[in-house]
Amino acid sequence: MKKTIYIVRHGEIDNPKSIAYGSNIEMQLSDKGRMQVQNLGLQILKSEVIPSIIYSSTLDRGIESASILAKTLGIARIEKDPNLKDSFIPALAGKPITLFDELYSKGQDGYGIEFVKQGNESREGIINRMFSAYKKAISNGEECVVLVSHGDPIRLLLYKLENPDSTIIPGMDILSKVDYLPKGHAWKLALNEQGNLLSKELISPN
């Protein structure tokens, strides 16, 4: 049976101090973010296949996004999955978010060996847990499901799906430049019977 998966990034958040947060600091959806997710749900409703279950990050912004989607789509089932949470970045959390741009300009990201030694997750670790959540979602027998997650983890999962045989994972300084999912948007993925990616389509809340 062919499957459809919507991979949703939570809506815009309130972050007045413009700090890095990852999974280390809880952030709440802004009013704009809530409206984004509601509008995204309305766009998904126009699809020929409507999801029957939502798998959500365990972080507040993920859970609230999942709840808004569930209400909009008329979905009764939300399952929280810690594998869908944002990156664990204790070495960067609380610092100015502009630090990411500084790292990218040097050809680095927050998942290199120097940051892993300080406790940050590795790219490999993020891909492994995200792919585990993905495999769980596609093996549940449902024709269409939603995964609600976060920016970097979603981008790394997409790389894995599009390059299943690759043994090299590019840094976010490269991956962030192409196909990086904006907040409140979704990838609509079409999969074959084996769960392999056939196509992707960007779904916007607008």
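Further up the page is the structure itself.
Summary of the structure given here. Since the model is a prediction, treat every value here as computed from it, not as a measurement.

The rules behind each value
Residues numbered from 1 in each chain as written. Predicted model: local features only at pLDDT ≥ 70, side-chain atom pairs only at ≥ 80, totals over all residues. Heavy atoms only, no water. Core = buried A, V, L, I, M, F, W, Y, C linked by side-chain atoms within 4.5 Å. Buried < 20%, exposed > 50% of the residue type's maximum accessible area, 1.4 Å probe, protein only. Helix = DSSP H or I, 4+ residues; strand = E, 2+ residues; numbered from the N terminus. Contact = heavy atoms within 4.5 Å. Polar contact = N/O pair within 3.5 Å; in protein donor to acceptor, adjacent residues only side chain to side chain. Pairing = 2+ DSSP bridges. Axes fitted to C-alpha atoms, helices over the stretch in contact; angles between N-to-C directions. Salt bridge = Lys/Arg side-chain N within 4 Å of Asp/Glu carboxyl O. Expected span 1.5 Å × (residues − 1).

1. What about the nonpolar core?
Part 1 of the argument: The biggest cluster of nonpolar side chains holds 36 residues, and the ones touching the most others in it are Ile5 and Ile7.
Part 2 of the argument: The element contributing the most residues to this core is helix α5 (residues 123-138), with 7 residues.
Part 3 of the argument: Not counting residues up to four positions away in its chain, the partners in contact with isoleucine 7 are Leu147, Ile154, Leu157, Leu181, His185, Ala186, Trp187 and Leu189.
Part 4 of the argument: Of all hydrophobic cores here, the second largest spans 23 residues; its members include Val49, Ala66, Ile68 and Val148.

2. Quick notes on the side chain of lysine 188
Part 1 of the argument: Relative to the elements of secondary structure, lysine 188 occurs in strand β5 (residues 186-191).
Part 2 of the argument: By relative accessible area, which is 14% here, lysine 188 ends up buried.
Part 3 of the argument: Among the polar contacts listed, one links the side chain of lysine 188 to the side chain of serine 47, at a separation of 3.3 Å.

3. Topic: the environment of serine 18
Part 1 of the argument: Within the secondary structure layout, serine 18 lies in the loop between β1 (3-9) and α1 (31-45).
Part 2 of the argument: The exposure class of serine 18 is partly exposed, given its relative accessible area of 38%.
Part 3 of the argument: Distance in space between the C-alpha atoms of serine 18 and asparagine 196 is 37 Å, their sequence separation being 178 residues.
Part 4 of the argument: Ignoring anything within four residues of it in the chain, the contact list for serine 18 reads Lys95, Pro96 and Ile97.

4. Quick look at the sheet that holds strand β3 (residues 78-80)
Strands pair in a sheet through their backbones, by hydrogen bonds, and they do so in one of two ways: parallel or antiparallel.
Part 1 of the argument: With mixed pairing, 6 strands are arranged side by side in an open sheet as β3-β2-β4-β1-β5-β6. Here the strands that pair on one side only, and so sit at the sheet edges, are β3 and β6 (197-203). Shown here is a sheet whose adjacent strand axes are inclined to one another by a mean of 20°, direction ignored.
Part 2 of the argument: When β5 meets β6, the two strands line up antiparallel, connected through 6 bridges. Across the sheet, leucine 189 pairs through a bridge with lysine 200, a residue of β6.

5. Here's the deal with the side chain of arginine 9
Part 1 of the argument: For arginine 9, the location among the structural elements is in strand β1.
Part 2 of the argument: At 2.8 Å, the side chain of arginine 9 forms a polar contact with the backbone oxygen of leucine 181.
Part 3 of the argument: Each residue touching arginine 9, except ones within four places of it in the same chain, is listed here: Ser149, His150, Gly151, Ile154, Tyr180, Leu181, Pro182, Lys183, Gly184 and His185.

6. A few points about the pattern of salt bridges
Part 1 of the argument: Tallying each qualifying case throughout the model produces 10 salt bridges.
Part 2 of the argument: Here lysine 200 ties to aspartate 179 by a salt bridge, and the two come within 3.2 Å at their closest N and O atoms. Of this pair, lysine 200 sits in strand β6 while aspartate 179 sits in the loop between α7 (172-175) and β5; the two residues are 21 residues apart in sequence, bridging distant segments of the chain.
Part 3 of the argument: When its relative accessible area of 30% is taken as the criterion, lysine 200 is described as partly exposed.
Part 4 of the argument: Its relative accessible area of 27% is what places aspartate 179 among the partly exposed residues.
Part 5 of the argument: Residues joined in a network through salt bridges with shared partners are Asp31, Arg34 and Glu64.

7. Re the pairing of β5
Part 1 of the argument: Burial analysis of β5 places 5 of its 6 residues in the buried class, which makes it a mostly covered element.
Part 2 of the argument: Inspection of the sheet shows β1 paired to β5 by 6 bridges, in the antiparallel sense. Note that in β5 the partner of isoleucine 7 across the bridge is tryptophan 187.
Part 3 of the argument: Between the antiparallel neighbours β5 and β6 lie 5 residues, among them glycine 195 with a positive phi of about 85°.

8. A look at α5
Side chains that are three or four residues apart share a direction in an α-helix, a result of its 3.6 residues per turn.
Part 1 of the argument: For α5, which comprises 16 residues, the first-to-last C-alpha distance of 22 Å matches the rise-based estimate of 22 Å (1.5 Å per residue) to within 8%.
Part 2 of the argument: Regarding α5, the residues found buried are Arg123, Ile126, Ile127, Arg129, Met130, Ala133, Tyr134, Ala137 and Ile138.
Part 3 of the argument: Buried residues in α5 make contact with β1, β2 (53-56), β4 (144-149), α6 (151-162) and β5.

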